[in-house]
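Summary of the model geometry
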Amino acid sequence: MSAATERRGYPLRPVRIAPSILSADFARLRDEIRDVERAGADLIHVDVMDGHFVPNITFGPPVVRSLRATTDLYLDVHLMVEKPERLLDAFIDAGSDRVTIHVEATEQPREILDTLRARGKGAGITLRPGTPVERVLPLLDAADLLLIMTVEPGFGGQAFMPECLEKIAPALEVRRTLGPERFWIEVDGGMSDETVGRARAAGVEIFVAGSAVFGRRDRAEACARLRALAEKEGDRVAEG
Ligand code: DX5
Ligand code: ZN
C-alpha cells in the first residue's frame, strides 16, 4: 500500500472532495452544481438545518429532490435537525444517497442507521465539537460514515477547530477491528488550503468544503488544490 493511503499503519481511502452547497448562490443552484461537477467534485454535501438543533434554517426534502433531478453526483445529506427520525423517509424518498444524523439529536441513532442501510442508503453518524467521541464509537458497526465536525454546526465560513481531529484516532482503532472497508471518515468545517493537510494526516478521507470552493471564482482550481494539498500532506505524515 502506498504512503498516500496510510496513516501510520491504518489503511485510508483516497481523498474525496465534497463541496457544501450551503455556500453556493441559491438563486443559481443548478449552475453552481454544474460548475462543481466540472470542477471535479466527488460528492455534493447538503446541509439541512431546522432552526432548532442549530440556529439557522436551510433546505428541506423538495430541494434535495430538485438536486437529484439535476445531478448524478452522490448526494451527501447532513441533517442538523431535532428528531431526524421524523424526516427520514422524506429525505430518503427525495433521492439522498447518504443521510448523516447527529447523535445528540435523537434517542434512536442505531435504529435510524439500520433503517437507512435497509433502504439501500448510506448511513452517517456525526457529533458536535463538544460531544465526546465515545458517544459514537459503539454505533460505528452500523454506520457507513463517521463525520467529524470541526466547527459548531449551523453556519459556513467559521474557523477550523483542530482539536476535534483527535476524535479520529479512536475511530480508526474501531475500524481496524471492524475491517477497513466499513465506514468512511469525513470532516466538515473550516477546510481550506491551510487545514486540509492536517485533516488528512489525522485520517480524513472525505473533505467537506463550503467557502473554500464556492467562495472562489475558479472552482476547478479550488478543488484541485484542496485535493493536492490533502494528498501531499498525507504522504508527508505517512512517511515521517
Ligand atoms: C456547518 C456545515 C458545513 C458548512 C461548512 O454547519 O455543516 O457543511 O457548509 O462550511 P465551511 O467549509 O465554509 O466551513
Ligand atoms: Zn455539513
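Above this note sits the structure.
Structure report, in brief. Predicted model, so just to flag it, every value in this text is computed and none were measured.

Another aspect to go through is the coordination of the zinc ion (ligand 2). Protein coordination of the zinc ion (ligand 2) is provided by His 45 (NE2), Asp 47 (OD), His 78 (ND1) and Asp 188 (OD), with donor distances spanning 2.0 to 2.3 Å. If you look at the zinc ion (ligand 2), its 6 donor atoms make angles of 66 to 166° with each other, and the shape they trace is octahedral. All donors of the zinc ion (ligand 2) belong to a single chain; written as a sequence motif, their spacing is H-x1-D-x30-H-x109-D. Taken together, the residues span a long stretch of sequence, with His 78 in strand β5 (residues 74–80) and Asp 188 in strand β9 (residues 184–188) at a distance of 110 residues. For the pair formed by His 78 and Asp 188, the shared burial category is buried.

One non-glycine residue, Lys 83, lies in the positive phi region at around 50°. Within the secondary structure, Lys 83 is located in the loop between β5 and α3 (88–93). Judged by its relative accessible area of 42%, Lys 83 falls in the partly exposed class.

Along the chain, the position of Thr 71 falls in the loop between α2 (61–70) and β5. Separated by 3.0 Å, the side chain of Thr 71 and the backbone nitrogen of Leu 73 make a polar contact.

This part takes up the environment of Phe 53. One can find Phe 53 in the loop between β4 (43–49) and α2. Ignoring sequence-local partners within four residues, the contact set of Phe 53 consists of Met 80, Val 81, Glu 82, His 102, Glu 104, Ala 105 and Arg 128.

This part covers the pattern of salt bridges. Counting across every chain of the model gives 18 salt bridges. With a shortest N-O distance of 2.8 Å, Arg 175 and Glu 205 are connected by a salt bridge. Here Arg 175 is found in helix α5 (residues 168–178), whereas its partner Glu 205 is found in the loop between α6 (196–202) and β10 (206–209), with 30 residues between them in sequence. Given a relative accessible area of 2%, Arg 175 falls into the buried group. Of the charged contacts in the structure, one is a salt bridge between Arg 225 and Asp 193, with a shortest N-O distance of 2.9 Å. Within this pair, whereas Arg 225 is found in helix α8 (residues 219–239), its partner Asp 193 is found in the loop between β9 and α6, the two being separated by 32 residues in sequence. Take Asp 193: its relative accessible area is 19%, and that puts it in the buried class. It is possible to trace a salt-bridge network through shared partners that takes in Arg 28, Glu 32, Asp 35 and Arg 219.

Parameters at a glance
Residues numbered from 1 in each chain as written. Chains lettered and ligands numbered in written order. Predicted model: local features only at pLDDT ≥ 70, side-chain atom pairs only at ≥ 80, totals over all residues. Heavy atoms only, no water. Donors = N, O, S within 2.8 Å, 3.2 Å for Na, K, Ca; no water. Tetrahedral: all angles 85-135°; square planar, octahedral: opposite > 155°, others 65-115°. Helix = DSSP H or I, 4+ residues; strand = E, 2+ residues; numbered from the N terminus. Buried < 20%, exposed > 50% of the residue type's maximum accessible area, 1.4 Å probe, protein only. Polar contact = N/O pair within 3.5 Å; in protein donor to acceptor, adjacent residues only side chain to side chain. Contact = heavy atoms within 4.5 Å. Salt bridge = Lys/Arg side-chain N within 4 Å of Asp/Glu carboxyl O.

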